[in-house]
Amino acid sequence: MKQVTILVPTGNVNLSSVVGTLEILTEANEYWKKNGNSIGIEIRLAGVLEEQKQNSSFYSFNPVDVTVIKKHDLVIIPSIVSAKGFANLITDNKVLINWIKEQYKDGAEIASICTGAFLLAATGLLENKTCSTHWQAENDFRTLFPNIDLQIDKLILAGQGLYTNGGAFSFLNLILLLVEKYFDRQTAIYCSKVFQIDMSRDLQSPFAIFQPQKNHEDEVVAKAQSYIEQNLSEKISFEKLASKLAVSRRNFDRRFIKATGITPVEYMQRVKIEAAKSLLERGRKSVFEIMYEVGYSDERAFRDVFKKKTGLSPTDYKLRFNKESSFF
């Protein structure tokens, strides 16, 4: 029987990521037993405090002390936030972070849900590896962990006994993946039907909203960002823009990447696609009209960039999110 531990870190733990995980794993256990097998896993909630009250004050956790559990096969870190920021969240959980690292060294697999990736990353186990987290936390994560390859479009990334996933309720897909590994494919399919989870999802990019990094002090880059955002329909020449800002193109690119984490071209594409998404969501304009409005004249180029950033074609995106496609 495998030992599964759901952690309760210090901070405001997302209740759904704990309870949802517990419910799916419990259902998998019951289904496994009904099919003539012995219990597949034993599940515990564990932490470093006897009682963990949450900010909402509506509920609290009473976890088992992690130090009394002798064996862990799988440790799951839930989604968690701190009113003081992610850096403080890491400071508040130093003991637990060291404990997670030791469990991995002793052979346990570690899975982080959503922003739980901050605690996993703080162990150093993700250095020079790929991972995912909620798209809203992208800028904070890149700032704190520049040596980790954050792939914000991915729903789940796994390797070497480490699992990370995207934001919010995408954790359901991660738990199904773990059910398949710790039980079997049929049990995962059963759970997907009981909890009505789409097993085919592999991207969070259709749901992501671009959040430009503006928490920097480079005035030249700030002016460039403003220019790009205010001139969506233009075909911007970065040579001319750099000249207008009285810097060389090479220096401009270097400063832009340092300040925002992405190239000027990438920034322009993401701003234009975000504007296109908004127009597709709320209006009746055709894809061609929107394409021209955000500064593209080549249909193939627009569709290719749009799909690269969202995982969907412009037409499919409109069908999914346009208000005229809703039930009400």
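Relevant structure appears above.
Here's what I pulled together on the structure shown here.

## Some points on the layout of surface pockets
And step 1. What the largest pocket holds in volume is close to 440 Å³.
And step 2. Around the largest pocket, the lining is made up of 20 residues, and of these Ile 152, Asp 153, Glu 266, Arg 270 and Lys 309 lie nearest the centre.
And step 3. Counting only elements with at least two residues in the lining of the largest pocket, the list comes to α5 (138-144), α11 (264-282) and α13 (299-310).
And step 4. Considered class by class, the residues forming the lining of the largest pocket number 8 nonpolar, 3 polar and 9 charged.

## Overview of empty space enclosed by the protein
And step 1. Enumeration according to the criterion identifies 2 cavities of 30 Å³ or more in this entry.
And step 2. Space inside the largest cavity adds up to approximately 70 Å³.
And step 3. The set of elements that each furnish at least two residues to the lining of the largest cavity consists of α5 and α11.
And step 4. Sorting elements by how many residues they give to the lining of the largest cavity places α5 first, with 3 residues.

## Looking at the sheet that holds strand β7 (residues 74-77)
Backbone hydrogen bonds hold the strands of a sheet together, and the pairing may be parallel or antiparallel.
And step 1. Here 7 strands make up an open sheet; going across it, the order is β6-β3-β1-β7-β9-β13-β12 and the pairing mixed. Each edge of the sheet is formed by a strand with only one pairing partner; in this case those strands are β6 (64-65) and β12 (156-159).
And step 2. Relative to β7, strand β1 (residues 2-7) is paired through 3 bridges, and the arrangement is parallel. Bridge pairing in β7 links Ile 6 to Ile 76.
And step 3. In the packing of helix α1 (residues 15-34) onto the sheet, the strands contacted are β1, β3 (41-47) and β7, and the crossing angle to β3 comes to about 160°.
And step 4. Running over the sheet, helix α6 (residues 171-182) touches β1, β3, β7, β9 (109-112), β12 and β13 (162-165) and is turned about 155° from β13.

## Quick look at the packing of aromatic side chains
Two aromatic rings, taken as a pair, are described by how far apart their centres are and by the angle between their planes.
And step 1. By the definition in use, this model includes 16 aromatic pairs.
And step 2. For the pair Phe 207 and Phe 321, a centre-to-centre distance of 6.1 Å together with 90° between the ring planes defines the contact as edge-to-face. In this pair, Phe 207 sits in the loop between α7 (185-194) and α8 (219-230) while Phe 321 sits in helix α14 (residues 314-321), placing the two residues 114 residues apart along the sequence.
And step 3. Given the relative accessible area of 27%, Phe 321 is considered partly exposed.
And step 4. Here Phe 252 and Phe 256 contribute two aromatic rings whose centre-to-centre distance is 5.8 Å and whose plane-to-plane angle is 55°, an arrangement assigned as tilted.

## Details of the pairing of β1
And step 1. In terms of residue burial, β1 counts as a mostly covered element, since 5 of its 6 residues are buried.
And step 2. Relative to β3, β1 runs parallel, the two being bridged by 6 bridges. Note that in β3 the partner of Leu 7 across the bridge is Ala 46.

## Topic: unusual backbone geometry
And step 1. If you check the backbone angles, Asn 128 has positive phi at about 60° while not being a glycine.
And step 2. For Asn 128, the position within the fold is in the loop between α4 (117-122) and β10 (130-131).
And step 3. In this structure, Ala 168 is a non-glycine residue whose phi angle is positive, near 55°.
And step 4. Note on placement: Ala 168 falls in the loop between β13 and α6.
And step 5. Since its relative accessible area comes to 43%, Ala 168 is described here as partly exposed.

## Looking at the nonpolar core
Taken as a class, soluble globular proteins show a tendency for nonpolar side chains to be buried jointly.
And step 1. Formed by 61 residues in total, the largest nonpolar core has its most connected members in Leu 7, Ile 76, Phe 141, Ile 175, Leu 178 and Val 179.
And step 2. For this core, the leading source of residues is α6, giving 7 residues.
And step 3. Among residues more than four places away in sequence, those in contact with Leu 7 are Ala 46, Val 66, Val 75, Ile 76, Ile 77, Pro 78, Leu 96, Trp 99 and Ile 100.
And step 4. Counting residues in hydrophobic clusters, the runner-up holds 18 residues, among them Phe 238, Leu 245, Ile 262 and Val 271.

## Some details on the state of the cysteines
And step 1. As enumerated under the stated definition, the model contains 0 disulfides in all.
And step 2. Sulfur of Cys 131: no disulfide; nearest cysteine sulfur belongs to Cys 114 and is 12 Å away.
And step 3. Here Cys 131 falls in the buried class, since its relative accessible area comes to 0%.

## Looking at the environment of Tyr 163
And step 1. Along the polypeptide, Tyr 163 turns up in strand β13.
And step 2. Along the primary structure Tyr 163 and Ile 152 are separated by 11 residues, whereas in three dimensions their C-alpha atoms are 14 Å apart.
And step 3. Sequence-distant contacts of Tyr 163, defined by excluding residues within four places in its chain, comprise Glu 109, Ile 110, Ala 111, Ser 112, Leu 120, Leu 157, Ala 158, Leu 174, Leu 177, Leu 178 and Lys 181.

## Things to note about the pattern of salt bridges
And step 1. Following the criterion strictly, the structure yields 20 salt bridges and no others.
And step 2. In this structure, Lys 84 engages Asp 92 in a salt bridge whose closest nitrogen and oxygen atoms are separated by 3.3 Å.
And step 3. Measuring nitrogen to oxygen at the nearest pair gives 3.9 Å for the salt bridge that ties Lys 105 to Glu 102. Of the two residues, Lys 105 and Glu 102 both sit in helix α3 (residues 94-105), 3 residues apart, roughly one turn of that helix.

## With respect to the side chain of Asn 29
And step 1. By secondary structure assignment, the location of Asn 29 is in helix α1.
And step 2. We classify Asn 29 as buried; its relative accessible area is 9%.
And step 3. Not counting residues up to four positions away in its chain, the partners in contact with Asn 29 are Ile 39, Gly 40, Ile 41 and Phe 183.

How each quantity is defined
Residues numbered from 1 in each chain as written. Predicted model: local features only at pLDDT ≥ 70, side-chain atom pairs only at ≥ 80, totals over all residues. Heavy atoms only, no water. 1 Å grid on protein atoms, 1.4 Å probe; cavity = no way out; pocket = protein on both sides within 12 Å on 5 of 7 lines; lining within 4 Å. Points joined across faces, edges and corners; volume = space filled by probe spheres on them. Helix = DSSP H or I, 4+ residues; strand = E, 2+ residues; numbered from the N terminus. Nonpolar A, V, L, I, M, F, W, Y, C, P; charged D, E, K, R; others polar. Pairing = 2+ DSSP bridges. Contact = heavy atoms within 4.5 Å. Axes fitted to C-alpha atoms, helices over the stretch in contact; angles between N-to-C directions. Phe/Tyr/Trp six-rings, centres within 6.5 Å; stacked < 30°, edge-to-face > 60°. Buried < 20%, exposed > 50% of the residue type's maximum accessible area, 1.4 Å probe, protein only. Core = buried A, V, L, I, M, F, W, Y, C linked by side-chain atoms within 4.5 Å. Disulfide = S-S within 2.5 Å. Salt bridge = Lys/Arg side-chain N within 4 Å of Asp/Glu carboxyl O.

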